[in-house]
Amino acid sequence: MTAVTSTTRLRVNPIACKAHGVCIEMLPELIGRDPWGYPVVSEQPVPDRLLALAKRTVEACPTLALLLTDSTTGRR
Amino acid sequence: MKQANSTRWDPEAARQYGAGSGSGADAAASQATGSDRRLLGGPADLAGHLRWHGPLPDHDGATILDTVERSGLTGRGGAAFPTGRKMRAVADASRARRSARQRGTVLVANGCEGEPASAKDRTLLTRAPHLVLDGITAAALAVGAERVHLCLHEDDDAIIRAVQRALDERQSARVPTADVQITRAPARYVASEETSLIQLIDGGPALPRFTPPRPFERGVDGRPTLVDNVETLAHIALIARHGHAWFRATGTPNAPGTALVTVTGAVSRPGVYEIALGITGAELLATAGGTTQPVQAVLAGGYFGAWLPEQRFHSARITAPDLLAAGAAMGAGIFVALPGESCALAETARVARYLAEQSAGQCGPCINGLPALAQALEALAARGDRRAPEYIKNLTPYVAGRGACRHPDGATRLIASALAVFAADVRTHLHRGPCAGARRAPILPLPAATVGAY
């Protein structure tokens, strides 16, 4: 079992996303690829052990389309 | 009979759908008798409107908001969200902003009828523009709106003229009215989405925007914005006059009031009707004069809705929660009765192609997914393509819920419902090729080909 204490989730802004695929390469644990190369992100909270990597992945998106949101506040 | 005193015949909408005009006179004779306080009951001109409905009472904003909340009114644009709750959020923000010396909130009245099978907003705006303007005025007061926009399709001169005439009448007669700016929106499907209208008003393209923030948090000019359908606002005009108990006296406890619906397809008198929410599907079809031939299914909720087999539709209650439970939707009150001889797969494929073409073209899954789904459905309807059902089933999860707006969700729901409800037709097409119905004239209305940018 993976420890999950956060309520942080990944979200894609589908308007900004241009399917560069960086996130799919960096975080395959939580991000899959759809038939056209766009990311399909897990709807589960990001496990603690992946939080740091998730943050780096968000920063690496060339179009700033990947977001971390806190579902309890709706903030991002 | 519940529907007998709640119906309205609308020859204009009927003509739009190519119905015979001969039934207009007797239909008019059977129209609303027991009700004088409903949306389509009164005259269109100001004097007649005031005679029929009386003036808008001089309530303060808090009273209007409280009455709307208690009335249980839900949005009539398609989402059926509780109107009072949305208004409360904007009103609260308005108070907070005023004490922080920030500029006031914004009200956007959505009169852009994007659904091709709907004519109810157009009917309301041309037949009862003063009710809409009363509702706008009351809602603007309730949420402390400083700016008010009424969004209308730019190519619909009749509506723009009717509203302008009504505004002029009110000005000459000094009838208290919010300072309404008419905003002309392109007649594209996704342009009437609420975030599209906000971007348009802010000087951008009429395209959906990524949410959150929702408009009631940050809308026009970054201010909290109430976006309501024009029918919803017209109900507010009546609720402000007659109170929440009056509103709840018709309809059901969880779907109170009346609603405007557009009934087309294989019915004797297609058109726009005002119904008490909670009547059955059978009563709804009877309201439109009954069916003209055997009907296999009814599309409930328009192109964001779903097919229901005829028997299931007959017993379904016409409310948003009941239709949702039945697997369809109330949407903007659109119902199309599909004749037994029509090919449901070909009909749905045609609409699926239209919806694919209406994508705003902003989000990858919608850009790529909708044409792929439409093509597969076309191949199934036209050639009995064996791979199509499986392909559609596998592709749908990659399209539904993956756009910035709900356009792909609606399209996928419609396609999925066609495959489920018409499963026997799918088998026939796979084994024997296209049916004879595929060559019949289409029933589901689509606008003439629209070309142009946003």
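Residues numbered from 1 in each chain as written. Chains lettered and ligands numbered in written order. Predicted model: local features only at pLDDT ≥ 70, side-chain atom pairs only at ≥ 80, totals over all residues.

(A) Quick peek at the overall build of chain A. Counting secondary structure elements, chain A contains two helices and four strands. Sequence-ordered secondary structure for chain A, helices as α and strands as β, is β-α-β-β-α-β. The 76 residues of chain A split such that 25% are buried. (Helix = DSSP H or I, 4+ residues; strand = E, 2+ residues; numbered from the N terminus. Buried ≥ 20, exposed ≤ 12 C-beta atoms within 10 Å, placed from the backbone.)

(B) Representation of the packing of helix α15 (residues 344-357) of chain B against helix α16 (residues 364-383) of chain B within the structure. All names here are of chain B. As a packed pair, α15 and α16 sit with axes 8 Å apart at the nearest point and diverge in direction by 160°. If you check the angle between α15 and α16, you find them roughly antiparallel. As α15 packs across α16, the resulting crossing turns out to be left-handed. Contact residues: Leu-345, Ala-346, Thr-348, Ala-349, Ala-352, Arg-353, Leu-355 and Ala-356 in α15; Leu-370, Pro-371, Leu-373, Ala-374, Leu-377, Glu-378, Leu-380 and Ala-381 in α16. (Axes fitted to C-alpha atoms, helices over the stretch in contact; angles between N-to-C directions. Parallel < 35°, antiparallel > 145°, perpendicular 65-115°, else oblique. Left-handed = near helix turned anticlockwise from the far one by under 90°. Contact = placed C-beta atoms within 7 Å.)

(C) Spotlight on the domain arrangement of chain B. Residue and element names in this part refer to chain B. Here chain B is partitioned into domain 1 (2-14 + 250-339), domain 2 (36-248) and domain 3 (344-439). Here domain 1 and domain 2 have C-alpha centroids that lie 24 Å from each other. Taken together, the contact pairs 24 residues of domain 1 with 22 residues of domain 2. Residue assignment for the side of domain 1 that touches domain 2 shows that the elements contributing at least two residues are α1 (11-16), β7 (258-265), β8 (271-276) and β11 (334-339). (Domains from an automatic or database assignment.)

(D) Quick look at the environment of B:Ala288. Residues and elements named next belong to chain B. Looking at the element boundaries, Ala-288 is found in the loop between α12 (281-287) and β9 (295-300). Residue class for Ala-288 comes out buried when judged on the 30 C-beta atoms lying within 10 Å of it. In sequence terms Ala-288 and Val-263 are 25 residues apart; their C-alpha atoms lie 6.7 Å from each other.

(E) The arrangement of the packing of α16(B) against helix α18 (residues 407-421) of chain B in detail. Residues and elements named next belong to chain B. The contact between α16 and α18 brings their axes to 10 Å, and the two run at 15°. Accordingly, the angle class assigned to the pair α16 and α18 is roughly parallel. α18 is crossed by α16, and the crossing has left-handed handedness. In this structure, α16 uses Pro-365, Cys-366, Gly-369, Leu-370, Leu-373 and Leu-377 to contact α18, whose residues at the interface are His-407, Pro-408, Ala-411, Thr-412 and Ile-415.

(F) Focus on the sheet that holds β11(B). Residues and elements named next belong to chain B. Read from one edge of the open sheet, five strands run β8-β7-β11-β9-β10, paired in mixed fashion. In this open sheet, the two edge strands, each paired with only one partner strand, are β8 and β10 (306-309). Taken over all neighbouring pairs, the strand axes of this sheet differ in orientation by 30° on average, direction set aside. In the packing of α18 onto the sheet, the strands contacted are β9 and β10, and the crossing angle to β10 comes to about 25°. (Pairing = 2+ DSSP bridges.)

(G) Looking closely at the interface of chain B and chain A. Facing 11 residues of chain B, the contacting portion of chain A comprises 10 residues. Each residue belonging to the side of chain B that touches chain A can be placed in one class, and the counts come to six nonpolar, four polar and one charged. (Nonpolar A, V, L, I, M, F, W, Y, C, P; charged D, E, K, R; others polar.)

(H) Expanded view of the nonpolar core. Grouped together as the largest cluster of nonpolar side chains are 143 residues, with contacts concentrated most on B:Leu107, B:Val108, B:Ile136, B:Ala139, B:Val298, B:Leu345 and B:Leu377. Aside from chain neighbours lying at most four places away, what touches B:Ile136 is B:Leu107, B:Ala109, B:Val148, B:Leu150, B:Ala178, B:Val180 and B:Leu233. If you look at the next biggest cluster of nonpolar residues, it comprises 15 residues, including A:Cys23, A:Leu30, A:Val41 and A:Val46. (Core = buried A, V, L, I, M, F, W, Y, C linked by C-beta atoms within 7 Å.)

(I) Local environment of unusual backbone geometry. Here the residue pair B:Thr211 and B:Pro212 is connected by a cis peptide bond, since its omega of -5° sits within 30 degrees of zero. If you trace the backbone, B:Pro212 turns up in the loop between α9 (194-201) and β4 (225-229). At the junction of B:Pro212 and B:Pro213, the peptide bond is cis and its omega measures out at 5° in the coordinates. Along the polypeptide, B:Pro213 turns up in the loop between α9 and β4. Phi at A:Ala19 is positive, roughly 60°, even though this residue is not glycine. The topology assignment puts A:Ala19 in the loop between β1 (8-12) and α1 (22-26). Owing to 17 C-beta atoms within 10 Å, A:Ala19 belongs among the partly exposed residues under this scheme. The backbone of B:Ala80 shows a phi angle near 55°, a positive value even though the residue is not glycine. In this fold, B:Ala80 is placed in the loop between α4 (61-71) and α5 (83-99). Overall, the presence of 21 C-beta atoms within 10 Å leaves B:Ala80 in the buried class.

(J) Summary view of helix α7 (residues 129-142) of chain B. Residue and element names in this part refer to chain B. In this model, α7 (14 residues) spans 20 Å end to end at C-alpha, consistent with the 20 Å of a helix rising 1.5 Å per residue. Most of α7 sits out of view: 14 of its 14 residues are buried. At the exit of α7 stands Gly-144, carrying a positive phi of roughly 65°. (Expected span 1.5 Å × (residues − 1).)

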